[in-house]
Amino acid sequence: MATKSKFQAIRGTRDLLPPETALWNHVDQTAHAVFGTFGFGEIRPPIFEETELFGSAIGAETDIISKEMFSWPEGGTSVESELPKVWMLKHLGEFETANREYVFENRQQLDLVVRQSDQTLVVEFKRRTINQATIDDIRQYRRSFSERFPEQKPPKLLLVFAEEPSEFVRKLAAANEAEIEVLHVPGYETRESVSLRPEATASVCRAYIEHGMQQLPQPVKLYYMGPMFRRERPQKGRYRQFYQIGAEVLGGNDAPAIDAEVIEMVMTFFDRVGLSGVELNINSIGHNAPDCRPAYVQKLKAALELVKDKLGADSQRRIETNPLRVLDSKLDHEQAIIATLPRIADHLCAECAAHYAAVKRQLELRGVFFKENWRLVRGLDYYMRTTFEITAKGIDSQNAVCGGGRYDGLVELLGGPPTKGIGFAIGEDRLILSLQESGKGAAPQGRDVYIAWMGEHAYAAAVHAAKDLRNAGFSVELPPTELKFGKALERADKLGSRYALILGDNEVSEGSWTLKTLAEGTQQKFTEPELLEFLKSAKASEPRS
Ligand code: HAM
């Protein structure tokens, strides 16, 4: 029985233990093998990166970025102590408190807040490039701040520059005086915000650019596996540290065959690990040209405005921030309303419609069954055209085991050349849950041979035998202290050992070793070389697991 210990794993994280880890390893190995046959190579990006990388890629308004990041400031000079001093000198007299760390949802943009005596908050806003999009962000930020803290005045955003700010910035600040103040602090170096990765697509794109992978034969096909981190409300199948196995195809063209092959690969993998009840849902969400998704979003928005009163608070908010996400709603009472909304398939531009039709044909050619789901929009901003999600049996509401799609603009958005991209990530925790619930869990890890030894000479022989057997690939348990044979055989049984090798001083001096087959209770005598041969041929004739 587990006892309550002083330290426990943090909520939303957990220990993966044997024998379950054997199943995890099997799943990992299958991914290495299957992805290898499709020509993918493994990439292992770091577990934390600049927060801005994730913010730019996934989108500031998404739940992942606005609510779920694990972030902290890193490097740079201690802004917390320097900046308030500079500020104080400038605003002598008006200043009340400084150096108060202020934790707001979006730490990407917020690391320091100082408070003036009139209760105006001043917030350092960290951006390297200041342009109209930054100003729009600032406005959006002030709005959400005011919603969250209605009793406070909206904050003034402080843009801090080490270099003399450009004319553009000065003019911008002057024109938006109530919202923005520019401060020039020579030598000022902002502390970078870094975050645990909530997903790995952004990291893979960063690596593609950083290592000049556009010089390699295109497309570059990469896969990864490892932990991801999102501050979500934990429940079965949803964790704060969870594991993904993902793959990305970067560069080359956007031939629909690539979309279909990536999907075929993940379906092959699911088939190989024996996942049951697998259902593939696909959709196309068009692209960003005025005659495609933006036009549809306008229509959708207009339709949503008409039914706004009947929608829940989340969906109402999303009409403004991200109307497509309303289609994702799981609320019962919204389903009938959503069913009447305009559908993107009817509003795709000619090129996106043709691409989507070709992806479907390519899937059929590969014998991949799919279901079209016009409501499949996905929760990350970088997608365009093909999106897909795969569900499986036995994991209740959190039944998406894989999500993916095409993201052609992403590498460029992150500062690289125009590059096509498509990929997916499998939720490994959910995959394992589903495998376990359909009875494909790992068998407890037994031992091939338990060496029951008694006596000093027998111990020396046992140590050597253990070494030889392990070198030959058998799992061996060698008790570190002497046990009576009866006790040793009991232990061997409890550990699920197949054989017990019985070594007493007599057996050793006679050179005749006794091997007991535990399940049958039979025993045979062997010389040492015979024993190894016997075990090898017994193993070779076992059915493969
Ligand atoms: P995603 O849909 O956010 O996509 O995550 C992919 C999968 O990760 C989900 O379908 C789910 O199985 C699993 N997952 C997500 N959050 C959790 C959690 N808190 N606990 C357990 N499992 C979770 C992405 O991450 C994209 N990067 C996929 C992609 C790659 N798109 C293109 N390339």
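Residues numbered from 1 in each chain as written. Predicted model: local features only at pLDDT ≥ 70, side-chain atom pairs only at ≥ 80, totals over all residues. Heavy atoms only, no water.

Q: Looking at this structure, how should I read helix α8 (residues 256–273)?
A: Every α-helix winds through 3.6 residues per turn, so residues three or four apart in the chain are directed the same way. If you check α8, its first and last C-alpha atoms are 26 Å apart, about what 18 residues at 1.5 Å a residue would give, namely 26 Å. Taken residue by residue, α8 has Pro256, Ile258, Asp259, Ala260, Val262, Ile263, Met265, Val266, Met267, Phe269, Phe270 and Val273 as its buried positions. Two residues or fewer after α8 comes Gly274, characterised by a positive phi angle close to 85 degrees. (Helix = DSSP H or I, 4+ residues; strand = E, 2+ residues; numbered from the N terminus. Expected span 1.5 Å × (residues − 1). Buried < 20%, exposed > 50% of the residue type's maximum accessible area, 1.4 Å probe, protein only.)

Q: Sorry if this is basic, but what is going on with the packing of aromatic side chains here?
A: Within a pair of aromatic rings, the relevant descriptors are the distance that separates the centres and the angle that separates the planes. All chains considered together, the criterion is met by eleven aromatic pairs. Ring centres 5.8 Å apart and planes at 55 degrees place the aromatic pair Phe35 and Phe269 in the tilted group. Taken as a pair, Phe35 in helix α1 (residues 20–37) and Phe269 in helix α8 lie far apart in primary sequence, 234 residues in all. Assessed through its relative accessible area of 0%, Phe35 is described here as buried. Measuring from ring centre to ring centre gives 5.7 Å for Phe269 and Phe270, while their planes differ by 45 degrees; the resulting arrangement is tilted. Overall, Phe270 belongs to the buried group, its relative accessible area being 1%. (Phe/Tyr/Trp six-rings, centres within 6.5 Å; stacked < 30°, edge-to-face > 60°.)

Q: In this structure, what is going on with the site of the ligand? I would like to understand it.
A: Taken together, 27 residues sit near the ligand, with Glu199, Glu232, Glu248, Tyr383 and Ala400 positioned nearest. The separation between a nitrogen atom of the ligand and a polar side-chain atom of Thr201 is 2.9 Å. Tyr383 places a side-chain nitrogen or oxygen 2.6 Å from a nitrogen atom of the ligand. Among the elements of the structure, β11 (241–250), β15 (400–406) and β16 (421–427) are those that each provide at least two residues to the shell around the ligand. For the shell around the ligand, the leading source of residues is β15, giving six residues. The class makeup of the residues in the shell around the ligand is twelve nonpolar, eight polar and seven charged. (Near = heavy atom within 4 Å. Polar contact = N/O pair within 3.5 Å; in protein donor to acceptor, adjacent residues only side chain to side chain. Nonpolar A, V, L, I, M, F, W, Y, C, P; charged D, E, K, R; others polar.)

Q: Whenever I open this one, helix α6 (residues 167–175) confuses me. Can you help?
A: All of the buried residues in α6 are Val169, Leu172 and Ala173. For α6, the angular spread of the buried residues around the axis is 95 degrees, confining them to a single face. Along α6, the residues that are exposed and aim more than 90 degrees away from the buried face are Glu167, Lys171, Ala174 and Ala175. (Arc of directions from axis to C-beta.)

Such coordinate-based values are descriptive only and should not be taken to indicate function.
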